[in-house]
Amino acid sequence: MSQQTREQREQWGSRAGFLMAAIGSAIGLGNIWRFPAEAYKNGGGAFLLPYLVALLTAGLPLLILEYTVGRKYRKSPPAAFRQISRPAEAIGWWQVVICFVIASYYAVIVAWAVRYAGFSFGKDWGKDPEKFFMGDFLQAGSEPGLPSSLVGNVFWPLLAVWIIVLAILALGVRRGIERANKIFIPALVFFFLILVVRAVTLDGASKGLDALFSPDWSALTDGSVWVAAYGQIFFSLSIGFGIMVTYASYLGRRADLTGSALVAGFANSSFEILAGIGVFATLGFMAQANGAAVDDVVSEGVGLAFIAFPAVISQMPLGAAFGVIFFVSLAIAGLSSLVSIVQVVISAVQDRTGMRRVPAVWTVGGLVAVVSLVLFPTDAGLSLLDAADHFINQYGIALAALFFLVVMAWILRRLRPFQANADETSAVRLGVWWRVCLGVITPLVLGWMMVDSLRKEFDENYGGYPTSFLAWAGWGVAVGALVVGVLISLIPWRGAPVEGDAEREEVR
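Residues numbered from 1 in each chain as written. Predicted model: local features only at pLDDT ≥ 70, side-chain atom pairs only at ≥ 80, totals over all residues. Heavy atoms only, no water.

Colleague: Which parts of the structure should I look at to understand the overall build of the chain?
Modeller: What the chain contains, in helices and strands, is 23 helices and zero strands. Relative to the 2.2 N^0.38 estimate, which gives 23 Å for 508 residues, the radius of gyration of the chain is 22 Å and therefore close to what a compact globule would have. The principal-axis extent of the C-alpha atoms belonging to the chain is close to 70 × 50 × 45 Å. In the chain, which comprises 508 residues, the share counted as buried stands at 60%. In the chain, once contacts between residues fewer than 6 apart in sequence are set aside, the share between residues at least 24 apart is 85%. When the accessible area of the chain is evaluated, it comes to approximately 19100 Å², of which 64% is carbon and sulfur surface. Within the chain, one finds 36 positive and 35 negative side-chain charges whose respective centroids are separated by 13 Å. (Helix = DSSP H or I, 4+ residues; strand = E, 2+ residues; numbered from the N terminus. Rg over C-alpha atoms; globule rule 2.2 N^0.38 Å. Buried < 20%, exposed > 50% of the residue type's maximum accessible area, 1.4 Å probe, protein only. Contact = heavy atoms within 4.5 Å. Areas by Shrake-Rupley, 256 points an atom, 1.4 Å probe, with all protein chains shown as cover. Lys, Arg positive; Asp, Glu negative; His and termini not counted. Charge placed at Lys NZ, Arg CZ, Asp CG, Glu CD.)

See below:
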């Protein structure tokens, strides 16, 4: 089985195709609705300094490491980690389960964006976007809990999203993922440039941009600002949960890894800054139109996209066109990321079972879609999404990455061999700084992020949710991902390669 999989592994059609896919995975919903608010809350323009430091000392080094692991072993995370060390396979399956969870709820946000693109034509949310979103559209229950009714407004667009995603994946890496991203990324940049140009010409735009970029240099002495910068880099680059290991496994043996990481990393950060300009120029217009301070209208996440922005769209000239472009951009960014997340699960199952791509897509991808369609287009969907997203991000992605780094850098001491492997084909050679970043700086920052998050968690319940709800919808999801990952790793592989096979193959 493993030999057959190795021989038939697909490859990207070109370096540009791989970069488009990697950038498409990194540029997602968080770039548009998380970065602007994080920058605003953490020193404005001054936040860009710790953000750049975090990119150079954590984001890019870890991205290069994941590219190296993926290309060297040419397998999904569980199979690649297994060839490095048998016990490390559990980390790979942990990441696969994390991707399963994230994909199931991430898709529903894409479906909301698709639906809101349609609502924008007639500004169907009326005078109270919050009431429309929570009530008429989501039909959210008053108390968090288990689903009790299906919401057709969400179910049908969500079904359409899953059909599109699975169709792209069924076509394969080169004909599906690569081609789709060659359309998605140029379209996303084109639409967002239109948005930014329109936003900065609105009355009050300068007020919003001043609020975002005016530097508060005193913030640099606050440790939480630096933690926020590392957190933003970490969660926006698609690192830590197997995506980049999977994508790099389809690279050719001579691919330039460090150069590709630099292009993908800086493209992602450039888009985040562009998104910040567009979002805060728009919020500045809203603040001026309502005679309020920018601070009074700033929001993030779901509230920014589906409540604050519809309110702005209702007030601005040519608002309908702005709304359509904004929500189409949101949907495209979400789709490109969703495809990459589901691909991790499919690739892992293919490597594990020897299934061909199309059966794997419709079986495994179909299972993710079914879970998504059962849980999230319901009256409990919003609260389930909110709790699962918070805990799987804070105690899934970040913790899995911390384990990965500790195992590779401290226990197995594999950073030097990986550095040599990357340097063989890369234009920019890695130095000792790379090993220091991955062996010292990034693990310490991730560890501190865990401590800081847990402290806040025990101070008060996340989102004000009841403890009983968070126990299963939050902590249960995060802990369950780890437990399931470990259990899957304990199942024996028939005919699987043993540790060190990949190194021996390269020598031959």
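Colleague: Would you explain the packing of helix α7 (residues 89–122) against helix α19 (residues 381–411) in this entry?
Modeller: Relative placement of two packed helices is described by the angle separating their axes and the distance separating the axes. Look at α7 against α19: their axes get within 10 Å of each other, and the N-to-C directions meet at 150°. As summarised for this structure, α7 and α19 are arranged roughly antiparallel, according to the angle between their axes. As α7 packs across α19, the resulting crossing turns out to be left-handed. Per-class residue counts for the contact of α7 with α19 are 20 nonpolar, three polar and one charged. (Axes fitted to C-alpha atoms, helices over the stretch in contact; angles between N-to-C directions. Parallel < 35°, antiparallel > 145°, perpendicular 65-115°, else oblique. Left-handed = near helix turned anticlockwise from the far one by under 90°. Nonpolar A, V, L, I, M, F, W, Y, C, P; charged D, E, K, R; others polar.)

Colleague: Can you walk me through the packing of aromatic side chains in this structure?
Modeller: The way to describe two aromatic rings as a pair is by their centre distance and the angle between their planes. Counted under the stated rule, the structure contains 40 aromatic pairs. Relative to F132, the ring of F119 lies with its centre 5.2 Å away and its plane at 85°, an arrangement referred to as edge-to-face. Here F119 is found in helix α7, whereas its partner F132 is found in helix α8 (residues 129–137), with 13 residues between them in sequence. Classification of F132 by relative accessible area gives buried; the value is 11%. Between the aromatic rings of Y462 and Y465, the centroid separation amounts to 6.2 Å while the plane-to-plane angle is 45°, which identifies the pairing as tilted. With a relative accessible area of 14%, Y465 lands in the buried category. Grouping aromatic residues by their ring pairs yields a cluster made of W112, Y116, F119, W125, F132, F133, F137, F306, F309, F322, F326 and F327. (Phe/Tyr/Trp six-rings, centres within 6.5 Å; stacked < 30°, edge-to-face > 60°.)

Colleague: Hey, could you run me through the pattern of salt bridges in this one?
Modeller: Pairs may arise between side chains of opposite charge once their charged atoms sit close together. Taken as a whole and judged by the stated rule, the model has nine salt bridges. Of the charged contacts, one joins D351 and R9 as a salt bridge, the two residues approaching to 3.1 Å between their closest N and O atoms. With D351 in helix α17 (residues 319–353) and R9 in the loop between α1 (2–8) and α2 (15–26), the pair connects residues that are 342 residues apart, well separated along the chain. The class of D351 is buried, set by a relative accessible area of 4%. Given a relative accessible area of 12%, R9 falls into the buried group. E10 is the partner of R357 in a salt bridge, and the nearest nitrogen-oxygen pair spans 3.0 Å. Taken together, the residues R357 in helix α18 (residues 357–375) and E10 in the loop between α1 and α2 connect sequence positions 347 residues apart. Residue classification places R357 among the buried positions, given a relative accessible area of 9%. By relative accessible area, E10 is classed as partly exposed at 27%. (Salt bridge = Lys/Arg side-chain N within 4 Å of Asp/Glu carboxyl O.)

Colleague: Could you clarify how one ought to interpret the nonpolar core in this entry?
Modeller: The nonpolar side chains of soluble globular proteins are, as a tendency, buried together. Formed by 182 residues in total, the largest nonpolar core has its most connected members in L65, Y67, V69, W112, W162 and F306. A per-element tally of this core places α7 first, with 22 residues. Setting aside residues no more than four positions away along its own chain, W162 makes contact with A103, S104, A107, L338, V342, G365, V368, A369, S372 and L373. (Core = buried A, V, L, I, M, F, W, Y, C linked by side-chain atoms within 4.5 Å.)

Colleague: Whenever I open this one, α7 confuses me. Can you help?
Modeller: Count 3.6 residues to each turn of an α-helix, and residues three or four apart come out pointing the same way. Taking 1.5 Å as the rise per residue, α7 with 34 residues should run 50 Å; its terminal C-alpha atoms sit 51 Å apart, in good agreement. Residue A103 marks the point of greatest curvature in α7, where the axis turns by about 25°. Where burial is concerned, most of α7 is hidden: 28 out of the 34 residues are buried. Residue K123 follows α7 closely and has a positive phi angle near 50°. (Expected span 1.5 Å × (residues − 1). Bend = angle between axes of the 7 residues up to and from the residue.)

Colleague: Where do I start with the side chain of T68 in this structure?
Modeller: Along the chain, T68 turns up in helix α5 (residues 48–73). Not counting residues up to four positions away in its chain, the partners in contact with T68 are L257, F418, N421 and A422.

Colleague: What should I look at first to understand the side chain of D423 in this one?
Modeller: Examined against the element boundaries, D423 turns out to sit in helix α20 (residues 415–425). Of the buried charged residues, D423 lacks a salt bridge, with R429 as the closest side chain of opposite charge at 4.1 Å. At a separation of 2.8 Å, a polar atom in the side chain of D423 contacts the main-chain amide nitrogen of L430. (Polar contact = N/O pair within 3.5 Å; in protein donor to acceptor, adjacent residues only side chain to side chain.)

Colleague: Help me out: how do you make sense of the confidence of the model for the chain in this one?
Modeller: When pLDDT is averaged across the chain, the result is 92; 95% of the residues are at 70 or more. Contacts for the low-pLDDT stretch residues 1–7, under 50 throughout, to residues beyond four places or in other chains number 16 contacts. Low confidence marks residues 496–508, where pLDDT is under 50. Its contacts with residues over four positions away, or in another chain, come to 25 contacts. (pLDDT = per-residue confidence, 0-100.)

Colleague: Help me out: how do you make sense of a nonpolar patch on the surface in this one?
Modeller: Nonpolar side chains collect at one region of the surface, where V479, L482, V483, V486, L487 and L490 lie side by side and expose about 500 Å² of accessible area between them. Note on placement: V486 falls in helix α22 (residues 467–489). (Patch = residues over 30% accessible without salt bridge, like charges linked within 9 Å, V, L, I, M, F, W, Y side chains within 5 Å.)

Colleague: Can you walk me through unusual backbone geometry in this structure?
Modeller: Trans peptide bonds make up most of the peptide bonds, and negative phi angles are found at most residues other than glycine. The phi dihedral of Q139 falls on the positive side, at around 50°, and the residue is not glycine. Even without a glycine there, the phi angle at R413 is positive, about 55°. Position of R413 among the secondary structure elements: in the loop between α19 and α20. The exposure class of R413 is exposed, given its relative accessible area of 64%.

Colleague: Where do I start with the environment of G447 in this structure?
Modeller: Within the secondary structure, G447 sits in helix α21 (residues 432–459). Given a relative accessible area of 22%, G447 falls into the partly exposed group. Each C-alpha atom of the pair G447 and E457 lies 15 Å from the other, and the pair is 10 residues apart in sequence.

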